[in-house]
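Close look at the chain arrangement
The chain contents come next:
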Amino acid sequence: MDKCSRCKTEEKPLFRLKNLNMLVCSQCFASYYEKKVKNTVLKYGMLNGVRRLALAVSGGKDSMALARALLEVFPSIKFTIIHLNLGIPNYSDECQEIVEKFCKEYSIELLLYDLKKYNGYSIYDFGNIKSKKRVCGVCGTVKRYLMNKIAYENGFDTIATGHNLDDIVEILFNLYINGSIEELVRIKPVSSSTHSKIVRKIKPLIEMTDREDLYYAISRNLNYVSSECPLVKGSRMINRKKLILKIEEEIPNFKYLLLKTHLKRFLPMLEEYVLPPTLRECEDCGMPSINTVCSFCKLSSKILKLVENN
Ligand code: AMP
Ligand code: FES
Ligand code: ZN
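I will try to describe carefully the structure that is included in this document. Remember, predicted model here, so these are calculated numbers, not experimental data.

**With respect to the overall build of the protein**
- Check the secondary structure of the protein and you find 12 helices and 10 strands.
- What you see for the protein is a C-alpha radius of gyration of 20 Å, in line with the 19 Å of a compact globule of 310 residues.
- The dimensions of the protein, computed from C-alpha atoms along their principal axes, are 60 × 45 × 40 Å.
- The buried share among the 310 residues of the protein stands at 33%.
- Of the contacts formed within the protein by residues at least 6 apart in sequence, a portion of 70% connects residues at least 24 apart.

Here it is, written out as structure tokens:
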């Protein structure tokens, strides 16, 4: 049987540490991953001054890995998990069940939010409607708004998400291609609060790859939703992620280099020249917005109308 290059334990399967080109056992992989998450959190001062921390956990491998790693690395830091049930048949209930089990096992407080129950529509309802908007874009707007609102209304000062290096590079790639400067300036490991109703956001997995999250979930025997969201099939986002992996085959470490260049070279300049938008309170919900009515409220009333007419 193969031996771990670090501790010489015989185990199958072994996990590849790509940058170090080593094969290691599950315990050594978990230690490597947790150390890397800890270093990222400390490097960007993610937990500095945090009084009440919330984690947005979907039940997928990334956010489950995030929750498990934080328990291990910062055992004295208490957090609450926020989970949104998006109402996608079978899929959303499976996600919720996994998150509920995890919270029970580790005695973590859980805030559950049911989109259909509180807002009268689900992401699945939207997926069934013929619309120019793409379902993933709509889902993203809904998730971002609700996660912030729930965290704000429950008194959290920081919310952590499981966005990893592959997610961020896919977003950067798209934003640079389109020259979306106002959005590029917001892509960073720590997004400070810019309004009393906007909760500070952190991304502790920003330097971890998709594969590392997956290996960690396996090495720590985590339950996670392994199936992809059924509405996401054929999405541009997935195709772009595949393309980026191909680029990385030709340019080793491409993803990390792009992130580093963005953070060190472009972001400081962008932050100097791109002024933060002036925010007012949405006439409908009172949350911060650039326009009189926020994008979530606009979207919700459109979806509700479409659902009623279908
Ligand atoms: P995604 O937008 O699906 O790539 O997810 C990015 C991050 O948002 C995840 O790693 C989670 O932290 C969070 N997230 C996504 N979906 C949910 C959900 N249904 N409930 C809570 N958090 C979520
Ligand atoms: Fe958002 Fe599937 S989870 S479209
Ligand atoms: Zn609103």
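Read on for the rest.
**Considering the site of ligand 1**
- Near ligand 1 lie 15 residues; those nearest to it are Ala56, Ser58, Leu84, Thr161 and Gly162.
- Only α2 (61-73), β4 (79-85) and α6 (135-153) provide two or more residues apiece to the shell around ligand 1.
- Counting residues per element, the shell around ligand 1 draws most heavily on β4, which supplies 3 residues.
- When grouped by side-chain class, the residues that make up the shell around ligand 1 number 5 nonpolar, 7 polar and 3 charged.

**Looking at the packing of helix α7 (residues 165-178) against helix α11 (residues 254-273)**
- In contact at an axis separation of 10 Å, α7 and α11 are set at 60° when each is read in the N-to-C sense. In the crossing of α7 with α11, the sense of the turn from one axis to the other is left-handed. Here Leu165, Asp166, Ile168, Val169 and Leu172 of α7 come into contact with α11, specifically with Lys255, Tyr256, Leu258, Leu259 and His262.

**Some points on the packing of α6 against helix α12 (residues 295-309)**
- With their axes 10 Å apart at the nearest point, α6 and α12 run at an angle of 125° to one another. As judged from the angle between their axes, α6 and α12 are oblique. As for the relative orientation of α6 and α12, their crossing is left-handed in sense. For the pair α6 and α12, the contacting residues are Val138, Thr141, Val142 and Tyr145 in the first and Ser295, Phe296 and Leu299 in the second.
- In the contact of α6 with α12, the residues fall into 5 nonpolar, 2 polar and no charged.

**Some thoughts on the environment of Asp210**
- Note on placement: Asp210 falls in helix α9 (residues 210-219).
- Here Asp210 falls in the partly exposed class, since 17 other C-beta atoms lie within 10 Å of it.
- Sequence separation between Asp210 and Cys136 is 74 residues, and the spatial gap between their C-alpha atoms is 19 Å.
- The contact partners of Asp210, leaving out residues within four places of it in the chain, are Asn164 and Asp166.

**Details of α9**
- The set of residues buried in α9 consists of Glu212, Asp213, Tyr215, Tyr216, Ala217 and Ser219.
- Those residues of α9 that are buried lie in contact with β1 (15-17), α1 (26-43) and α2.
- Looking one or two residues past α9, Asn221 carries a phi angle of roughly 55°, positive in sign.

**A look at the sheet that holds strand β3 (residues 53-56)**
- Strand order in this open sheet of 6 strands is β5-β4-β3-β6-β8-β7, and the pairing throughout is mixed. At either margin of the open sheet sits one strand with a lone partner, and together these are β5 (109-114) and β7 (190-191).
- Across the face of the sheet, α2 comes into contact with β3, β4 and β6 (158-160) while running at roughly 150° to β3.
- Sheet contacts for helix α3 (residues 91-105): β4 and β5; angle to β4, the most-contacted strand, approximately 165°.

**Let's talk about α2**
- Here α2 is 13 residues long and its end C-alpha atoms lie 18 Å apart, about the 18 Å a rise of 1.5 Å per residue gives.
- Burial runs high along α2: 10 of the 13 residues are buried.
- Of the positions making up α2, those classed as buried are Lys61, Asp62, Ser63, Met64, Ala65, Leu66, Ala67, Arg68, Ala69 and Leu70.
- Buried-residue contacts for α2 involve α1, β3, β4, α3, β6 and α9.

**Some words on the environment of Lys117**
- Inspection of the secondary structure assignment puts Lys117 in helix α4 (residues 115-119).
- Among the residues examined, Lys117 registers 11 C-beta atoms within 10 Å and is labelled exposed.
- Separated by 154 residues in the primary sequence, Lys117 and Glu271 place their C-alpha atoms 40 Å from one another.

**Observations concerning the environment of Leu84**
- Within the secondary structure layout, Leu84 lies in strand β4.
- Considered as a pair, Leu84 and Ala217 are 133 residues apart in the sequence and their alpha carbons are 21 Å apart.
- With residues up to four places along the chain from it excluded, the contact list for Leu84 reads Tyr113, Leu115, Lys143 and Leu146.

The rules we used
- Residues numbered from 1 in each chain as written.
- Chains lettered and ligands numbered in written order.
- Predicted model: local features only at pLDDT ≥ 70, side-chain atom pairs only at ≥ 80, totals over all residues.
- Helix = DSSP H or I, 4+ residues; strand = E, 2+ residues; numbered from the N terminus.
- Rg over C-alpha atoms; globule rule 2.2 N^0.38 Å.
- Buried ≥ 20, exposed ≤ 12 C-beta atoms within 10 Å, placed from the backbone.
- Contact = placed C-beta atoms within 7 Å.
- Near = placed C-beta within 6 Å.
- Nonpolar A, V, L, I, M, F, W, Y, C, P; charged D, E, K, R; others polar.
- Axes fitted to C-alpha atoms, helices over the stretch in contact; angles between N-to-C directions.
- Left-handed = near helix turned anticlockwise from the far one by under 90°.
- Parallel < 35°, antiparallel > 145°, perpendicular 65-115°, else oblique.
- Pairing = 2+ DSSP bridges.
- Expected span 1.5 Å × (residues − 1).

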